[in-house]
Amino acid sequence: MGTRDLLFLALIYRLAWAGTMESCAHRCGERLNKAAECQCNHQCEQHKDCCEDYKKLCTSQEGPKEMETETEWEEKTAPDSNLYLAPNSCHSRCHEAFDKHHPCHCNSKCQKFGNCCEDYESLCAHDGFSRSSDAITKEELLTISEKIYKADTNKALKEDIILNSQNRISPSETNDQVDRCPEPLYSYVNEELFSKPTYAAFINLLNNYQRVTGQGEHFTPQQLGEQDTFLQEIMKTAVMKELYGFLHQKNRYSSEQEFVSDLKNMWFGLYSRGNDEGDSSGFEHVFSGEVKKGKVTGFHNWIRFYLQEKEGLVDYYSHNYDGPWDSYPDVLGMQFNWDGYYKEVGSAFIGSSPEFEFALYSLCFISRPGGVCHLSLGGYPLAIQTYTWDKTTYGNGKKYIATAYVVSSMN
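The shown structure was predicted, so the numbers you read here are calculated from the model rather than taken from an experiment.

**Observations regarding the state of the cysteines**
Between two cysteines, a covalent bond joining their sulfur atoms is known as a disulfide. Evaluated as defined, the whole model comprises two disulfides. Note that Cys-104 is cross-linked by a disulfide to Cys-117, the S-S spacing being 2.0 Å. Handedness of the Cys-104-Cys-117 disulfide follows from its S-S torsion of about 85°: it is right-handed. Of this pair, Cys-104 sits in the loop between helix H3 (54-58) and helix H4 (110-113) while Cys-117 sits in the loop between H4 and helix H5 (120-124); the two residues are 13 residues apart in sequence, bridging distant segments of the chain. By relative accessible area, which is 9% here, Cys-104 ends up buried. In this structure Cys-117 comes out as buried when scored by relative accessible area, which is 4%. Sulfur-sulfur distance for the disulfide between Cys-364 and Cys-373 comes to 2.3 Å. In this structure, the disulfide formed by Cys-364 and Cys-373 twists by about -70° around the S-S bond and is classed as left-handed. Its relative accessible area of 0% is what places Cys-364 among the buried residues.

Spelled out as structure tokens, the structure:
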């Protein structure tokens, strides 16, 4: 093959490569590609550099346009039909599709084949839990989240918090581990907030944990009592009353006592992320933060961040996302160092009350376990991702919370 032919083939190859860089084919959700003619992530709409086929190829299917990726989540999630369900019961399973992995079944054909769960008749044969009318729709999630948002009277006012967010970076720079912000994130916080009952009860919980996975958690009677105090205090608030009222109406819980008991199990029940039995929980991971394999995992709470920054244990590096809200609660995606360990992207509500975060994460875990939950706050969309812990269960096969965090405030 002559030189002329080689040059011609090289030109054809370059044109073909350039063509792929002008389309979102096989590129949806990729990080900023400076070599490309156009971009295919959700930020391209803001920067007005989307490829022409972005909307057609990347927004036609419902899913999270991620503001962050929880790189610490290494467990594979179970099929949707097996999430937050009791496999030996029809609780939350009426009329579900046949699944050969289940020991008993809850569909209309189970009586014919003689493999119904024992409670099929009581739960599914008449007005029982998990009928189609009890399913939680996307529209209902948008409505209840707005009600919870409006009910959060304990949230910070604009004058209660002064943020110094400083440098914003692109998603491609989040793993650089470069401190681009010489000043702390919080210039001022009105600590009178922390004297409110739910804040005080929440803060008492934060230092009850060993942050490194593999070290078992052993609670004193006082620390166990602090869990109950926190649940008691938040249940007094309008936020949690809204949540319980909604879930009770949807036949998820028959009494407030049942609801609180389930919250305690799903959030505070211990399981093992490392080698030690009972070294982690949903609450510890999401709100207090953990360290696993040399990286910060979880740690999605603004109060915890502020208190650790005040003690000199958190060094704020940068942010790659700032939510659209002009009052609190807001959302920030941050990079930071926690006493020697790096967090590549950590999303957190800013200025929300403890009960507000607890309510939204619980709502999403119960209604969309292991998936993306689309909400609305003050007219702005918000998406929360939850994951279940699938290795161990409580009760009759229910799953613990592995993690929950904000992934996007984009539709």
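**A short note on the environment of Thr-220**
Along the chain, the position of Thr-220 falls in the loop between helix H7 (197-206) and helix H8 (221-234). Between the alpha carbons of Thr-220 and Asn-208 there is a distance of 9.2 Å; along the sequence they are 12 residues apart.

**Some remarks on the nonpolar core**
As a rule of thumb, nonpolar side chains are buried together in soluble globular proteins. Ranked by size, the top nonpolar core spans 86 residues in total, and within it Phe-230, Trp-267, Phe-283, Trp-302, Phe-349 and Phe-358 carry the most contacts. No other element matches helix H13 (residues 354-367), which puts nine residues into this core. With near-sequence residues (within four places) excluded, Phe-358 lies in contact with Phe-230, Leu-231, Ile-234, Met-240, Leu-263, Trp-267, Phe-283 and Phe-287. Counting residues in each nonpolar core, the second largest holds six residues, with Cys-104, Cys-106, Cys-110 and Cys-117 among its members.

**Considering the packing of aromatic side chains**
Taken as a whole, this structure holds 32 aromatic pairs when the rule is applied. Their ring planes at 40° and their centres at 6.3 Å tell us that Tyr-186 and Trp-302 sit as a pair that is tilted. Highlighted residues: Tyr-186 in strand E2 (residues 186-189) and Trp-302 in helix H12 (residues 302-310), separated in sequence by 116 residues. For the pair formed by Tyr-186 and Trp-302, the shared burial category is buried. Centre to centre, the rings of Tyr-271 and Tyr-400 are 5.5 Å apart; their planes meet at 45°, and the pair counts as tilted. Of this pair, Tyr-271 sits in the loop between helix H10 (256-268) and helix H11 (282-288) while Tyr-400 sits in strand E10 (residues 398-408); the two residues are 129 residues apart in sequence, bridging distant segments of the chain. Taken together, the ring pairs in this structure connect Phe-202, Tyr-209, Phe-219, Phe-230, Trp-267, Phe-268, Phe-283, Phe-287, Phe-349, Phe-356, Phe-358 and Tyr-361 into an aromatic cluster. The aromatic ring of Tyr-149 is capped on one face by Lys-155, whose charged end is 5.1 Å from the ring centroid. Arg-211 extends its terminal NZ or CZ atom over the ring of Trp-338, reaching a point 4.7 Å from the ring centre.

The rules behind these values
The residue count restarts for each chain, going from 1 along the sequence in the order it is written. Predicted model: local features are reported for residues with pLDDT of at least 70 only, side-chain atom pairs are reported and counted for 80 or more only, and whole-chain, interface and lining totals are derived from all residues. With hydrogens and water excluded, all non-hydrogen atoms of the structure serve as input to the side-chain values. Count a disulfide wherever a pair of cysteine sulfur atoms falls within 2.5 Å. To qualify as a helix, a DSSP run of H or I must reach at least 4 residues; to qualify as a strand, a run of E must reach at least 2; elements of each kind are numbered from the N terminus. Working definition: with a 1.4 Å probe on protein chains only, accessible area under 20% of the residue-type maximum means buried, over 50% means exposed, and in between means partly exposed. Buried Ala, Val, Leu, Ile, Met, Phe, Trp, Tyr and Cys residues form a nonpolar core when they are joined through side-chain atoms within 4.5 Å. Contact between two residues is taken to exist if any of their heavy atoms lie within 4.5 Å; hydrogens are not considered. Pairing of aromatic side chains here covers Phe, Tyr and the six-membered ring of Trp, requires ring centres within 6.5 Å, and sorts the geometry by plane angle: under 30 degrees stacked, over 60 edge-to-face, intermediate tilted. We call a charge positioned over a ring when the NZ of a Lys or the CZ of an Arg lies within 6 Å of the ring centre and within 35 degrees of the ring normal.

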